[in-house]
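A closer look at the structure
Given next are the chains, with one letter for each unit.
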Amino acid sequence: MPGPSDRRERNEALRLFIAATAGILLLIIIGGAGLYYLVGLGDADPFSEGLGLKNAALISFGVSFAVILVMAVVSGGDAIFGELPFTILGFLIFFVIFWLMIAWIF
């Protein structure tokens, strides 16, 4: 008869499977969208002027916030209270990297 620890391990395995599946699907969707515009099927010109720092900062904030939330949820909530300074520092590092890379690439 399965005990409470077996049920907990099953729930953890199910969460990990769902997170991995969502991550793989997201990568496939992003890769498909990138390939769509790279091949030239989209209306966007890949060599146009691009985004400025202001628009890149807005996009970077959303991406960084989503990444930090996913990391906090996957870690079991420990990153929310016990490691708050590291979480904030990680957010700022993600924000700056994403901000400059989005402005540079796009």
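Quick caveat: nothing in here was measured; it's all calculated off a predicted structure. (Residues numbered from 1 in each chain as written. Predicted model: local features only at pLDDT ≥ 70, side-chain atom pairs only at ≥ 80, totals over all residues. Heavy atoms only, no water.)

**Digging into the overall build of the chain**
The criterion, for reference: In this description a helix means any DSSP run of H or I spanning at least four residues, a strand means any run of E spanning at least two, and both kinds are numbered starting from the N terminus. A simple rule labels every residue: compare its accessible area, found with a 1.4 Å probe on the protein chains alone, to the largest value its type can have, and call it buried under 20%, exposed over 50%, or partly exposed in between. Note on contacts: a residue pair qualifies if any of its non-hydrogen atoms lie within 4.5 Å across the two residues. Using a 1.4 Å probe, accessible areas were evaluated by the Shrake-Rupley method; residue-level cover was limited to the displayed protein chains.
Of the regular secondary structure elements, the chain holds four helices and zero strands. Considering the chain as a whole, with its 106 residues, one finds that 12% of them fall into the buried category. Relative to all contacts within the chain whose residues are 6 or more apart in sequence, the contacts with residues 24 or more apart total 72%. Put simply, the chain shows about 8,900 Å² of open surface, and 74% of that area lies on carbon and sulfur atoms.

**Here we look at the side chain of Ser-64**
Note the threshold: Here a polar contact means two N or O atoms within 3.5 Å. Within protein one must be a hydrogen donor candidate and the other an acceptor candidate, and residues neighboring in sequence count only if both atoms are side-chain atoms.
Relative to the elements of secondary structure, Ser-64 occurs in helix H2 (residues 53-74). Only 3.2 Å separates the side chain of Ser-64 from the backbone nitrogen of Phe-95, close enough to count as a polar contact.

**Notes on the packing of aromatic side chains**
Convention followed: Paired rings are identified among Phe, Tyr and Trp, the last through its six-membered ring, by centres lying within 6.5 Å, and are further divided according to the angle between planes into stacked (under 30 degrees), edge-to-face (over 60) and tilted (the rest).
Summed over all chains, the structure comprises five aromatic pairs. With centroids separated by 6.4 Å and ring planes inclined at 20°, the aromatic side chains of Phe-91 and Phe-95 adopt a geometry described as stacked. One end of the pair, Phe-91, and the other, Phe-95, are both in helix H4 (residues 84-105), four residues apart, so they sit about a helical turn from each other. Through a chain of ring-to-ring contacts, three or more aromatic side chains come together here, namely Phe-61, Phe-65, Phe-91, Phe-95 and Trp-99.

**Comments concerning the confidence of the model for the chain**
Heads up, the rule is: Confidence scores per residue from the predictor, reported as pLDDT, run from 0 to 100.
Mean pLDDT for the chain: 76, with 79% of residues reaching 70 or above. Of all the helices and strands in the chain, helix H3 (residues 78-81) carries the lowest mean pLDDT, 55, while helix H1 (residues 4-39) carries the highest, 82.

**Some details on the side chain of Ser-60**
With respect to the element layout, Ser-60 can be found in helix H2. Leaving out residues up to four positions away in the same chain, Ser-60 has contacts with Phe-94, Phe-95, Phe-98, Trp-99 and Ile-102.

**Section: the environment of Ala-56**
One can find Ala-56 in helix H2. Setting aside chain neighbours within four positions, we find Ala-56 in contact with Trp-99, Ile-102 and Ala-103.

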